[in-house]
Amino acid sequence: MPEIISKSHLNKHQFLAINHDELAKVNTFIDFSEGFTIGFLEVERVEEKKWLTEALIDAFQAENIYFHCLNFDNPELRFVLDEIKKEIQNVKCENKKLVLIIEGLENSIGISDKLPEVLQDLNFVRDAFTYLAPYPILFCLPKSAVTRLAKFAPDFWAWRSGVFSFTSLPESSTNQLFLPAFSIEYSQESIPRARESRIDLLNRLLEEYSTEVNAQNLSTITSILQQLGVAYKSRGELEKAEKYLQEALNLSEQHESLQLTKVAILDELGDVYSPQGKYEEAADIYQQVLTVYTYEKFPQKYGSVQNRLGIVYARQPRGNIAENIEKAITNFQEALKVFTFEAFPVEWASTQNNLANAYSNRIRGEKAENLEKAIALNQEALKVFTFEAFPVEWASTQNNLANAYYYRIRGEKAENLEKAIALNQEALKVFTFEAFPVDWARTQNNIAVAYSDRIRGEKAENLERAIALNQEALKVFTFEAFPVDWARTQNNLALAYSDRIRGEKAENLEKAIAFNQEALKVFTFEAFPVEWARTQNNIAAAYSDRIRGEKAENLEKAIALNQEALKVCTFEAFPVEWASTQNNLAIAYRNRIRGEKAENLEKAIIFYENALQGYETIGDKQNVAEIALTLGKIKVDQGKWHQALTYLEKSLDIYRQFDNLKSRADTIYQIAHTHHLIGNYEKASVHYRDALRFYKHLKNDRGIAFSQASLGKIMLQMGFIEKAQELLNDATVIFAAINDRQEIAKIAKILNCMNSITKSKEKQTV
């Protein structure tokens, strides 16, 4: 007998000696693990498993750690978490950190080609471990069992924090082995079959336990209902998932001991409500969950729920949109308290993307600055989401960046649009039609919108490409399968046809109106108030330009539609859309046929000034410059020259900050023209020459001709006859080249007068 003991001790010491480094890693893992943390100990022999457990307990005897060993060797075991709950309910740790060591699970994992029920359950209830068994857990298993667990419980396996592989002694030392290893391959089709099998099993268990609901089986029935809800959610059957989760929630409220279970069910319900568009219900549920999942007690859960609550607020189409987006930003920033770059790089990057989207859509604050933040946040996310490591997330981030560049206010507009197109095209490296049809279609839409507004390239060709890309998207976005995306594509097609150059203009505008009206089949005032209002604006713009029908009636419809849009697009809730609608109303009243002309113009001025105020508030400088230029021209026509100069100087100050040289030249020309009318010939001459210099740089023949003609008139008024004739003759040559007969006639009249005066003076001299 002493000889046997001696040999056993010798083997133990030998085993621990050759695994010294690996054991040290496990000790470190135990030291630093907090809450639910998974580790796997790969040990092949029964005795070695025993030696390892003893060594761990001995190593931490003097520490504030309590080990509790659980032997789950029943081959019929189905629900590991339920067994853990039973085993630990009476464990007294005396304020020590509890660490669970689970042995024997290889028996229920098995080796046959049948999918293990125990692993199905482990995979489905993974999240529940975080609140029902919030302790470090070490699974002591042979390598073959660990391999099978990784295959058939991939979600659970994904949460592992460490895998520690121990080297066995030579076989002569001991012959007590775990089950032998078998390598069995399974196709991807086994996953949906596993879900189906899982649901069948749960339904059988529910029927079995539901014959009599009492205090003893209340927890089990609640757990089965919850797991059924999760199973149906994973299959995308959200209504069924909601039904079972709601039943589980009702039962969980019947007993105080099920408080944490109730919170977990609520969390799952929120995840079911959100994709169904039940955003208010989801937000309410997540807020309830956060009263339990606090930052101090459940930091990871807290961060996850904050992220999901932020997404719900960001998508909420009703209520105070501006306030909802501010709430979303706050939620995402709260999530980042947990999800730091160092500790949770993937979650950190996802939250950067969420924040970026919120800033892209933000209403409060300066719009230009919000978009710069969105760009910076997306670029931060790309530190983690590389093409090689996270291709799908990388592609989504390219799309997000493209969206921010499309709306970007700072920088040159033409360059921003080129970047938007290029970034979307990068996303298509991943989002192919075959692999990701929905993302492919959305990216086609994004590129189409950018081509509709594209400045570089031939405008007519850009618009044809936009139309073709939108029609490509409709291969996926059918009315039946994707009604919202279908409606957005109808809107995009309407915008492209509104601006279309090729084809008959009148027919293009009719198509634009028809596409927008199609979109309203989905975008109703009740369901999608914001999209409804934007579509009203789009139809109004088409009616403003409409050729068919009575022009006066078309303009009345445009005014009525814009006023309808203002029911939703208030200055407080949607300052961007409000400003745009004010601008549209100004254009319609300026062109209005019915009513008194002077009164219509005064109304147009009020709407332009409203739009100017709105764009100034949101920091949209380019629109401010454009409207100020328009108001300046109107004031010139009214003879209010000094008011005109105020608007024109405002416009020029902004255009000097951007690379839009054509608009800068036009504004300088208008300032010169205004000084000319006032009689400030010197100032007018200086500004005309500045405008001429820009037009020559741009090779803009019309601008060159007008500047030369205007300079010629000033030279004439200042008495420089020869210089005046030279400039007017130069302008005539260009007007002839561009076939502007009206301007040629005006100059000819001036030149004829000059010739008559010259001849008269010559006669007087004679």
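This is a predicted model, so every value here is computed, not measured.

Conventions we followed
Residues numbered from 1 in each chain as written. Predicted model: local features only at pLDDT ≥ 70, side-chain atom pairs only at ≥ 80, totals over all residues. Heavy atoms only, no water. Helix = DSSP H or I, 4+ residues; strand = E, 2+ residues; numbered from the N terminus. Rg over C-alpha atoms; globule rule 2.2 N^0.38 Å. Buried < 20%, exposed > 50% of the residue type's maximum accessible area, 1.4 Å probe, protein only. Contact = heavy atoms within 4.5 Å. Areas by Shrake-Rupley, 256 points an atom, 1.4 Å probe, with all protein chains shown as cover. Pairing = 2+ DSSP bridges. Axes fitted to C-alpha atoms, helices over the stretch in contact; angles between N-to-C directions. Phe/Tyr/Trp six-rings, centres within 6.5 Å; stacked < 30°, edge-to-face > 60°. Lys NZ or Arg CZ within 6 Å of the ring centre and 35° of its normal. Core = buried A, V, L, I, M, F, W, Y, C linked by side-chain atoms within 4.5 Å. Salt bridge = Lys/Arg side-chain N within 4 Å of Asp/Glu carboxyl O. Expected span 1.5 Å × (residues − 1). Arc of directions from axis to C-beta. pLDDT = per-residue confidence, 0-100.

Trainee: Help me understand the overall build of the protein in this model?
Mentor: Helix and strand counts for the protein come out as 35 helices and 5 strands. By the compact-globule yardstick of 27 Å for 766 residues, the protein is too spread out, its C-alpha radius of gyration being 37 Å. The dimensions of the protein, computed from C-alpha atoms along their principal axes, are 150 × 55 × 45 Å. Here the protein holds 766 residues, and 50% of them are scored as buried. Contacts in the protein between residues far apart in sequence, at least 24 positions, make up 65% of those at least 6 positions apart. Here the protein displays about 36700 Å² of accessible surface, and carbon together with sulfur accounts for 50% of that area.

Trainee: When you look at the sheet that holds strand β4 (residues 136-141) in this model, what are you seeing that I'm missing?
Mentor: Paired through their backbone hydrogen bonds, the strands of a sheet run either parallel or antiparallel. Here we have 5 strands laid out as an open sheet, ordered β2-β3-β4-β1-β5, and parallel in their pairing. Single-partner strands in this sheet number two, and they are β2 (65-71) and β5 (160-165). Taking the axes of each pair of neighbouring strands and ignoring which way they run, one obtains an average angle of 20 degrees across the sheet. Inspection of the sheet shows β2 paired to strand β3 (residues 97-103) by 7 bridges, in the parallel sense. Residue pairing across strands places Y66 opposite L98, the latter belonging to β3. Helix α3 (residues 46-59) rests against β1 (37-42), β2, β3 and β4 of the sheet, and its axis sits at about 175 degrees to β3. Set on the sheet, helix α4 (residues 80-88) makes contact with β2, β3 and β4; between it and β2 the angle comes to about 125 degrees.

Trainee: Got a minute to help me understand the packing of aromatic side chains in this structure?
Mentor: A ring pair, where both rings are aromatic, is described by two values, the distance of the centres and the angle of the planes. Within this structure, the stated rule accounts for 30 aromatic pairs. Their ring planes at 75 degrees and their centres at 5.5 Å tell us that F339 and F344 sit as a pair that is edge-to-face. Residue classification places F339 among the buried positions, given a relative accessible area of 5%. For the pair Y406 and Y407, a centre-to-centre distance of 4.7 Å together with 85 degrees between the ring planes defines the contact as edge-to-face. Linked through ring pairs, F36, F40, F129, F139, F156, W157 and W159 together constitute an aromatic cluster. Across the ring face of Y244, the terminal group of K243 is positioned such that the distance to the ring centre comes to 4.2 Å. Seen from the ring of Y406, K413 lies directly overhead, with NZ or CZ sitting 5.6 Å from the centre.

Trainee: What's the story with the nonpolar core in this structure? I'm lost.
Mentor: Most often, soluble globular proteins have nonpolar side chains that are buried together. Among the nonpolar cores identified, the biggest contains 128 residues, and I84, F129, L149 and F156 are the most heavily contacted of them. Not counting residues within four places of it along the chain, the set of residues in contact with F129 comprises F36, L81, I84, L122, P134, I137 and F156. One finds F694, L727, A731 and L751 within the second-largest nonpolar core, a separate group that totals 30 residues.

Trainee: Can you help me understand unusual backbone geometry in this one?
Mentor: Across the chain, the bulk of peptide bonds are trans and the bulk of non-glycine residues have phi less than zero. The backbone of K699 sits at a positive phi, close to 60 degrees, despite the residue not being glycine. Here K699 shows up in the loop between α32 (681-698) and α33 (701-717). Unusually for a residue other than glycine, N739 sits at a positive phi of about 60 degrees. In this fold, N739 is placed in the loop between α34 (721-737) and α35 (741-765). Judged by its relative accessible area of 53%, N739 is exposed.

Trainee: Help me understand the pairing of β4, please; the structure alone is not making it clear to me.
Mentor: Each regular strand displays side chains that alternate between the two surfaces of the sheet. Within β4, 6 of the 6 residues are buried, which leaves it mostly tucked inside the rest of the structure. Alternating residues of β4 divide into P136, L138 and C140 and I137, F139 and L141, and every residue in both groups is buried. The pairing of β1 with β4 spans 6 bridges and is classified as parallel. Considered in β4, the bridge of G39 is made with L138.

Trainee: Before we go on, may I ask you to explain the pattern of salt bridges in this structure?
Mentor: Side chains that differ in sign of charge can pair as their charged atoms come close. Counting across every chain of the model gives 51 salt bridges. Note that E550 is salt-bridged to R594, the shortest N-O span being 3.7 Å. One end of the pair, E550, is in the loop between α25 (529-545) and α26 (551-565); the other, R594, is in the loop between α27 (575-591) and α28 (597-618), and 44 residues separate them in sequence. A salt bridge links E556 to R592, with the shortest nitrogen-to-oxygen separation between them at 2.8 Å. Residue E556 is located in helix α26, and its partner R592 is located in the loop between α27 and α28; the two are separated by 36 residues in the primary sequence. Overall, the relative accessible area of 18% leaves E556 in the buried class. Using a relative accessible area of 17% as the deciding quantity, one classes R592 as buried. Here the residues in one salt-bridge network are K233, D267, E268, D271, K301 and R308, joined through shared partners.

Trainee: Please explain α34 as it appears in this structure.
Mentor: Every α-helix carries 3.6 residues per turn, so stepping three or four residues along brings you back to the same face. The end-to-end C-alpha distance of α34 is 25 Å, a good match for the 24 Å that 17 residues give at a rise of 1.5 Å each. Inspection of α34 places A724, L727, L728, A731, I734 and F735 among the buried residues, and these make up the whole buried set. Summarising the axial view, the buried residues of α34 lie within an arc of 120 degrees, below the 170-degree limit, and thus occupy one face. Of the exposed residues in α34, the ones pointing more than 90 degrees away from its buried face are E722, V733 and A737. N739 sits one or two positions beyond α34 and adopts a positive phi of about 60 degrees.

Trainee: Is there a simple way to think about the environment of L716 in this case?
Mentor: Its location among the elements puts L716 in helix α33. It is 9.6 Å that separates the C-alpha atoms of L716 and I750, two residues lying 34 residues apart in sequence. With sequence-adjacent residues up to four places away left out, L716 is seen in contact with I721, A724, I750 and M754.

Trainee: Hey, could you run me through the confidence of the model for the protein in this one?
Mentor: For any part of a model where pLDDT is low, the fine detail of the predicted coordinates should not be relied upon. Averaged over all residues, the pLDDT of the protein equals 88, while 93% of them reach at least 70. The low-confidence segment residues 1-7 (pLDDT under 50) makes 1 contact with residues lying over four places distant or belonging to another chain. Considering only residues more than four positions removed or in separate chains, one finds that residues 172-191, a stretch of pLDDT under 50, has 37 contacts.

Trainee: I keep staring at the environment of I101 and nothing clicks. Help me out?
Mentor: Examined against the element boundaries, I101 turns out to sit in strand β3. Of the residues examined, I101 reaches a relative accessible area of 0% and is grouped as buried. Sequence separation between I101 and L138 is 37 residues, and the spatial gap between their C-alpha atoms is 4.7 Å. Not counting chain neighbours up to four residues away, the residues in contact with I101 comprise T53, L56, F67, H68, C69, L70 and L138.

Trainee: Honestly, helix α31 (residues 661-678) in this entry has me stumped. Any pointers?
Mentor: In a regular helix each residue adds 1.5 Å, so 18 residues correspond to 26 Å; α31 covers 26 Å between its end C-alpha atoms and thus fits that length. Turning to α31, its buried residues number three or more, namely S663, R664, A665, T667, I668, Y669, Q670, I671, A672, T674, H675 and H676. Looking at the buried residues of α31, the elements they touch are α29 (621-637), α30 (641-655), α32 and α33. Two residues or fewer past α31, G679 is found with a positive phi of approximately 105 degrees.

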